[in-house]
Amino acid sequence: MSNFAGKTVVVSGGAEGIGLSIAQAMGRQGMSVVLGDIDAAQLELARQQLEAQGIDVLACVMDVTRVEQWAEVAEQAVARFGKVHMLVNNAGVGAIGESIERSNIEDWRWVVDVNLMGIVYGTQTMIPLIKQHGEGGWLVNVASMAGMGGVPFAGAYTATKVAVVGMSESWHAELQPHNIQVSVLCPAFVKTRINLSSRNRQAEYGGENDDAADSAKGSAMAAHMQKVIDNGLAVEIVGERVVEALVANELYIFTHPNYRSVVQKRFQAIDAAFERAAASPLLAGVLNEDVVGFTD
Ligand SMILES: NC(=O)c1ccc[n+]([C@@H]2O[C@H](COP(=O)([O-])OP(=O)(O)OC[C@H]3O[C@@H](n4cnc5c(N)ncnc54)[C@H](O)[C@@H]3O)[C@@H](O)[C@H]2O)c1
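What you see is a predicted model; the values in this text were computed from it and never measured.

Parameters at a glance
Residues numbered from 1 in each chain as written. Predicted model: local features only at pLDDT ≥ 70, side-chain atom pairs only at ≥ 80, totals over all residues. Heavy atoms only, no water. Pairing = 2+ DSSP bridges. Helix = DSSP H or I, 4+ residues; strand = E, 2+ residues; numbered from the N terminus. Axes fitted to C-alpha atoms, helices over the stretch in contact; angles between N-to-C directions. Contact = heavy atoms within 4.5 Å. 1 Å grid on protein atoms, 1.4 Å probe; cavity = no way out; pocket = protein on both sides within 12 Å on 5 of 7 lines; lining within 4 Å. Points joined across faces, edges and corners; volume = space filled by probe spheres on them. Nonpolar A, V, L, I, M, F, W, Y, C, P; charged D, E, K, R; others polar. Patch = residues over 30% accessible without salt bridge, like charges linked within 9 Å, V, L, I, M, F, W, Y side chains within 5 Å. Areas by Shrake-Rupley, 256 points an atom, 1.4 Å probe, with all protein chains shown as cover. Salt bridge = Lys/Arg side-chain N within 4 Å of Asp/Glu carboxyl O. Buried < 20%, exposed > 50% of the residue type's maximum accessible area, 1.4 Å probe, protein only. Expected span 1.5 Å × (residues − 1). Right-handed = clockwise from strand over helix to strand, strands pointing away.

Whenever strands of a sheet pair, they do so through backbone hydrogen bonds, lying parallel or antiparallel. An order of E3-E2-E1-E4-E5-E6-E7 is seen for the seven strands of this open sheet, with the pairing classed as parallel. Lying at the two open borders of the sheet, with one neighbouring strand each, are strand E3 (57-61) and strand E7 (252-254). Averaged over all pairs of adjacent strands, the angle between their axes in this sheet comes to 15°, without regard to strand direction. Pairing geometry for strand E1 (residues 8-12) and strand E4 (residues 86-89), over three bridges, is parallel. Within the sheet, the bridge partner assigned to valine 11 lies in E4 and is valine 88. The sheet strands contacting helix H2 (residues 40-52) are strand E2 (32-37) and E3, and the helix crosses E3 at an angle near 180°. Contacts from helix H5 (residues 155-175) reach strand E5 (137-142), strand E6 (180-186) and E7, with the element oriented near 165° to E6.

Here we come to the layout of surface pockets. Considering only enclosed or pocket space, the second largest pocket measures out at about 240 Å³ in volume. Contributing to the lining of the second largest pocket are Glu169, Ser170, His172, Ala173, Gln176, Leu251, Tyr252, Gly293, Phe294, Thr295 and Asp296. Broken down by element, the residue count for the lining of the second largest pocket peaks at four residues, all from H5. Classifying every residue of the lining of the second largest pocket by side-chain character gives four nonpolar, five polar and two charged.

A cluster of nonpolar side chains, contributed by Phe267, Ile270 and Phe274, occupies part of the molecular surface with about 320 Å² of accessible area. In this structure, phenylalanine 267 sits in helix H9 (residues 260-279).

By the element assignment, leucine 196 lies in the loop between E6 and helix H6 (212-215). Looking at leucine 196, the relative accessible area reads 39%, which means it is partly exposed. Residues leucine 196 and alanine 95, spaced 101 residues apart in sequence, show a C-alpha to C-alpha distance of 9.1 Å.

The next subject is H5. Spacing of three or four residues puts side chains on the same side of an α-helix, whose turn is 3.6 residues. For H5, built from 21 residues, the straight-helix expectation of 30 Å at 1.5 Å per residue is met to within 8% by its first-to-last C-alpha distance of 30 Å. Those residues of H5 that fall on the buried side of the exposure criterion are Ala156, Tyr157, Thr158, Thr160, Lys161, Val164, Val165, Met167, Ser168, Trp171, His172 and Leu175. Buried residues along H5 sit in contact with helix H4 (105-133), E5, E6 and E7.

The element E1 is extensively covered by neighbouring structure, given that five of its five residues are classed as buried. Covered by surrounding structure in E1 are Thr8, Val10 and Ser12 together with Val9 and Val11, the residues of both alternating faces. Here five bridges tie E1 to E2, and the two strands are oriented parallel to one another. Following the sheet pairing, threonine 8 is matched in E2 by serine 32. Running through helix H1 (residues 17-28), the crossover from E1 to the neighbouring parallel element E2 is right-handed.

And the structure:
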């Protein structure tokens, strides 16, 4: 029997794409599944799909940017399954295609609220439930390869994904004593509907027809992105890859080993910058001081 069997996972943005793939993979491991998503129609299809596969599923219509809706999901999950053992913070939106001076502030607010604050609210709500039963558990945050280096014309998206990687590293150290394993998933392109994220854009952020993706529509970049996503990794692989990596207790979960050079180049550049700082006479006094605030 797997370590996951008989336990409960909550997956945000679980109605389709990467979230649904992870939910299915965890369901196949014998977990009960709670799906949260803003898209009621797609959520109902996902619920039926999981149920047809014999997976015990609870579907909750919710918006990750609303902390009170997270509380309702927690209440329903506990009422139905008793305990929560794993949270997968997957819901996310993409807005790629605008330069910094052309990007509008509503786009920034939308992307930051969903991709970053949604994870903060979800984690604050669910971690106490996982700590409560003392059996340990898992927190999986879905970032992106964009969290491993700046992607041009995607400042807001990159900002949130870099933040998700950093938050995951912080929480990894924080939650280890509670036997809660933290992982951060960093995919490159996966074939989903991420490039149509504005379909679920809430009215308070300008609604469906008023986002960066739309203003970039018809542009060469939009056409290129569509092609790249269409040629992306089959989404079914991602869920199984997450299971494989959780069993191996991995903090960073990669799905595209061919992108290794992105990280290597970034760290080489950072290391070279440290080398120059170390050679600066201005900084000679701090060279041998202790490093404070980071765990090994
Ligand atoms: N597809 C890729 O190439 C790719 C690459 C790297 C990272 N990611 C990340 O993977 C995650 C999932 O994206 P995907 O590719 O499956 O996209 P997707 O658009 O297919 O699925 C996203 C899901 O999130 C839901 N959602 C959107 N806003 C929400 C909100 N406010 N509250 C609740 N649910 C909401 C959508 O309804 C949808 O079901 C995102 O965090 C994304 O940034 C995707």
